[in-house]
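Descriptive analysis of the structure
Here are the chains, one letter per residue:
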Amino acid sequence: MSKKTRKAQVVICGYDAHSQSLNYLLLQTNQKRGEFWQNVTGKVDAGETYEEGALREVIEETNLNPQYIVHFIDLKLSHNFIDERNRDVHEKAYLLLVDRVFDVKIDPHEHMNHRWERNLEHFVVKHEGNFEALVKAENLLREEYT
């Protein structure tokens, strides 16, 4: 039996002082990767915990300044699937709450666009696991902050 590839996905939620609302960061993969919208996702490297890999991926994919981090929450949500490279994957999901809607700098080798969304009601992501993590994060924040 092959060893599972470890991945992490992170729902990033930032506080927008102008609109006084919480906004979710979504990234659009580049043409080579399919042009779909998703949360930050990435492989957890050997020697890293899921949490360490998740935070590293956030910084690499968004250029987040770690000083903006308010809370890092394990959503207690995981998925097993076969990825596009035919790898057996175990992925864990997290919520990262930051104190601002920050200036995102995406890596064009992976993504072509990003957007901060206040209302996820009509926003479509490709993978069910991303949708499930967004819903769980949104419900958790609604309970905590309303």
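Structural notes, computed from the coordinates. All values derive from a computational prediction rather than experimental measurement.

Some words on the pairing of strand S2 (residues 21-29)
- Burial runs high along S2: eight of the nine residues are buried.
- For strand S1 (residues 5-16) and S2, the ladder comprises five bridges, and the chain directions are antiparallel. Paired with Cys13 across the strands is Tyr24, a residue of S2.
- The turn joining S1 and S2, which pair antiparallel and follow one another in sequence, is formed by four residues; a positive phi near 50 degrees is taken by Gln20.
- The pairing of S2 with strand S7 (residues 111-117) spans six bridges and is classified as antiparallel. In the strand pairing of S7, Leu25 is matched with Trp116.
- Here S2 runs beside strand S3 (residues 37-38); their pairing, made up of two bridges, is antiparallel. Its bridge partner lying in S3, Leu27 is registered against Gln38.

Quick notes on helix H1 (residues 50-62)
- The terminal C-alpha atoms of H1 lie 18 Å apart, and with 13 residues this matches the ideal 18 Å at 1.5 Å per residue to within 8%.
- At its buried positions, H1 is contacted by S1, S2, strand S4 (40-43), strand S5 (69-82), strand S6 (88-98) and S7.

Regarding the packing of aromatic side chains
- If you walk through the whole model with that rule in mind, you get four aromatic pairs.
- Ring geometry for Tyr68 versus Phe102: centroids 6.3 Å apart, planes at 45 degrees, classification tilted. Pair noted here: Tyr68 is in the loop between H1 and S5 and Phe102 is in the loop between S6 and S7, with a separation of 34 residues, a long-range link.
- The class of Phe102 is buried, set by a relative accessible area of 6%.
- With a centroid separation of 5.1 Å and 15 degrees between ring planes, the pair formed by Phe72 and Tyr94 is classed as stacked. Of the two residues, Phe72 sits in strand S5 while Tyr94 sits in strand S6, which places them 22 residues apart along the sequence.
- Tyr94 gets classed as buried once you look at its relative accessible area, which sits at 1%.
- By way of ring pairs, the aromatic residues Tyr68, Phe102 and Trp116 are connected into one cluster.
- Over the face of the ring belonging to Tyr50 we find Arg6, whose NZ or CZ atom lies 5.2 Å from the ring centre.

Structural notes on the pattern of salt bridges
- Overall, the coordinates contain 13 salt bridges when judged by the stated rule.
- For Asp83, the salt bridge goes to Arg87, with nearest N and O atoms at 2.7 Å.
- By relative accessible area, which is 22% here, Arg87 ends up partly exposed.
- Measuring nitrogen to oxygen at the nearest pair gives 3.7 Å for the salt bridge that ties Arg142 to Glu138. Here Arg142 pairs with Glu138, and both are found in helix H2 (residues 128-145), just four residues apart, close to one helical turn.
- If you follow the salt bridges from partner to partner, you end up with Asp45, Glu48, Arg56, Glu57 and Glu60 in one network.

Thresholds, definitions, all that
Residues numbered from 1 in each chain as written. Predicted model: local features only at pLDDT ≥ 70, side-chain atom pairs only at ≥ 80, totals over all residues. Heavy atoms only, no water. Buried < 20%, exposed > 50% of the residue type's maximum accessible area, 1.4 Å probe, protein only. Helix = DSSP H or I, 4+ residues; strand = E, 2+ residues; numbered from the N terminus. Pairing = 2+ DSSP bridges. Expected span 1.5 Å × (residues − 1). Contact = heavy atoms within 4.5 Å. Phe/Tyr/Trp six-rings, centres within 6.5 Å; stacked < 30°, edge-to-face > 60°. Lys NZ or Arg CZ within 6 Å of the ring centre and 35° of its normal. Salt bridge = Lys/Arg side-chain N within 4 Å of Asp/Glu carboxyl O.

Function cannot be read off these values alone, since they describe shape.
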